[in-house]
Amino acid sequence: MTAATDLLFRDDAYLKTSSAAVVAVDAGQVQLDRTIFYPLGGGQPGDRGTLRTEQGRIIRVTDTRKGETPDSVIHLVGEDATALAVGTAVTAMLDWDYRYRLMRMHTCMHLLCAVVSGAVTGGQISDGKARLDFDVPGNSLDKDEITARLNALIQEGHMVEARWITDQELADKPELIRTMSVKPPTGAGRVRLLDIAGVDLQPCGGTHVRNTAEIGPVAVTKIENKGRQNRRINIAFASQ
Ligand SMILES: [Zn+2]
């Protein structure tokens, strides 16, 4: 189970469906030659959806994980995997409503990094809400102020773009790395940067919306004190 997969979501996060071929099957696990399914990582949950065979059989993908090697993606399908053999052609389809909410919330986390100064020590994105932990001393963070600044950045409609730099360029700019707990994956020769022009720039391999306006209204629901210098900021969509 170590086949490399063409990561279609990395170049186009808006792909909702694609054709693919099964390249490996194991107990409840399927690998494809190309995929639109994002695997759990970087605080973003794995995608869900379906694989449909040419005979019309529909196999449900309940979650997606990284494989053992870079660029390998495991689609978790439970017992349904018996319907698939290596070489089977399938049409993959995302649970797009779920993924799009994750994309909106994930992009909002980049805006939160721009609003709050301090190293990010952890984070988690889930359906409709997310949290980031910041290394910030004292009680300087204000819920209403952060909410207002986030919504201003959202409404301003900033473009969101990914681009690549070399490992060496990243090594020369350590200030780009905001997250202390998750080091960006280097060693492949290049690192993907997520650029919200003039707002936030950092390595990220996740899926994002094209424009911050797509995020929609959000609110800081809670700021928790998680240790002497650790503040957990919880965000949720203000309207679903
Ligand atoms: Zn990101």
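Below is a summary of the structure that appears in this document. (Residues numbered from 1 in each chain as written. Predicted model: local features only at pLDDT ≥ 70, side-chain atom pairs only at ≥ 80, totals over all residues. Heavy atoms only, no water.)

Spatially, β6-β5-β9-β2-β3-β8-β7 is the arrangement adopted by the seven strands of the open sheet, whose pairing is antiparallel. For this open sheet the edge positions go to β6 (58–61) and β7 (63–66), each flanked by a neighbour on one side alone. Averaged over neighbouring strand pairs, the angle between their axes works out to 40 degrees when direction is ignored. (Pairing = 2+ DSSP bridges. Helix = DSSP H or I, 4+ residues; strand = E, 2+ residues; numbered from the N terminus. Axes fitted to C-alpha atoms, helices over the stretch in contact; angles between N-to-C directions.)

The zinc ion binds to the protein through H106 (NE2), H110 (NE2), C204 (SG) and H208 (NE2); the donor distances cover 2.0 to 2.1 Å. Around the zinc ion sit four donor atoms, and with donor-metal-donor angles ranging over 100 to 123 degrees the site reads as tetrahedral. Each donor residue of the zinc ion belongs to the same chain, with the gaps between them written as H-x3-H-x93-C-x3-H. Of the two residues, H110 sits in helix α2 (residues 96–115) while C204 sits in the loop between β14 (200–203) and β15 (218–225), which places them 94 residues apart along the sequence. Overall, the relative accessible area of 15% leaves C204 in the buried class. (Donors = N, O, S within 2.8 Å, 3.2 Å for Na, K, Ca; no water. Tetrahedral: all angles 85-135°; square planar, octahedral: opposite > 155°, others 65-115°. Buried < 20%, exposed > 50% of the residue type's maximum accessible area, 1.4 Å probe, protein only.)

All told, the structure shown has nine salt bridges when counted by the stated rule. Of the charged contacts in the structure, one is a salt bridge between R149 and E145, with a shortest N-O distance of 3.9 Å. With a gap of four residues between them, R149 and E145 both fall in helix α3 (residues 143–155), about one helical turn apart. By relative accessible area, which is 40% here, R149 ends up partly exposed. On the accessibility criterion, E145 (43% relative accessible area) is partly exposed. Residue E224 pairs with K226 through a salt bridge whose shortest N-O separation is 4.0 Å. Accessibility expressed as a relative area gives 39% for K226, which makes it partly exposed. If you follow the salt bridges from partner to partner, you end up with K222, E224 and K226 in one network. (Salt bridge = Lys/Arg side-chain N within 4 Å of Asp/Glu carboxyl O.)

This paragraph deals with α3. End to end, α3 covers 18 Å across 13 residues, agreeing with the expected 18 Å (1.5 Å per residue, within 8%). Every buried residue belonging to α3 is among I146, T147, L150, N151, L153 and I154, and all of these are buried. Taken around the axis of α3, the buried residues stretch over an arc of 160 degrees, which confines them to a single face. Turned more than 90 degrees away from the buried face of α3 sit D144 and Q155, all of them exposed. Next to the buried residues of α3 lie α2, β15 and β16 (230–237). The N-cap of α3, judged by a side-chain oxygen 3.3 Å from the amide nitrogen of D144 a few residues on, is D142. Just downstream of α3, G157 is the residue with a positive phi angle, here 65 degrees. (Expected span 1.5 Å × (residues − 1). Arc of directions from axis to C-beta. Contact = heavy atoms within 4.5 Å. Polar contact = N/O pair within 3.5 Å; in protein donor to acceptor, adjacent residues only side chain to side chain.)

This part covers the sheet that holds β16. Spatially, the four strands line up as an open sheet ordered β10-β11-β16-β15, and their pairing is antiparallel. Strands at the two margins of the open sheet, each flanked by one partner only, are β10 (120–126) and β15. Taken over all neighbouring pairs, the strand axes of this sheet differ in orientation by 15 degrees on average, direction set aside. Where strand β11 (residues 129–135) meets β16, seven bridges bridge the pair, whose relative direction is antiparallel. Following the sheet pairing, D135 is matched in β16 by N230. Sitting on the sheet, α3 touches β15 and β16, and the angle it makes with β15 is about 145 degrees.

A few words on the side chain of R192. Within the element layout of this structure, R192 appears in strand β13 (residues 190–196). A distance of 2.9 Å separates the side chain of R192 from the backbone oxygen of R10, its partner in a polar contact. Among the polar contacts listed, one links the side chain of R192 to the backbone oxygen of G206, at a separation of 3.1 Å. Look past the residues within four positions of R192 in its chain and what remains in contact with it is R10, A162, R163, W164, Q202, P203, C204, G205, G206 and H208.

Further remarks concern the pairing of β10. Bridge count for β10 against β11 is six bridges, and the pairing is antiparallel. Residue pairing for β11: I125 is matched across the bridge by A130. Adjacent in sequence and paired antiparallel, β10 and β11 are bridged by two residues, among which G128 carries a positive phi angle near 90 degrees.

Looking now at the pairing of strand β5 (residues 49–53). Burial of β5 is one-sided: the residues G49, L51 and T53 facing one way are buried, the residues T50 and R52 facing the other way are not. Direction of pairing for β5 relative to β6: antiparallel, over a ladder of four bridges. Across the sheet, the residue bridging to R52 is I58, located in β6. Where β5 folds back onto β6 in an antiparallel hairpin, the turn is made up of four residues, including G56, whose phi is positive at roughly 90 degrees. In this sheet, strand β9 (residues 89–94) lies alongside β5 in antiparallel orientation, the contact comprising five bridges. Looking at the pairing, L51 lines up with A92 of β9.

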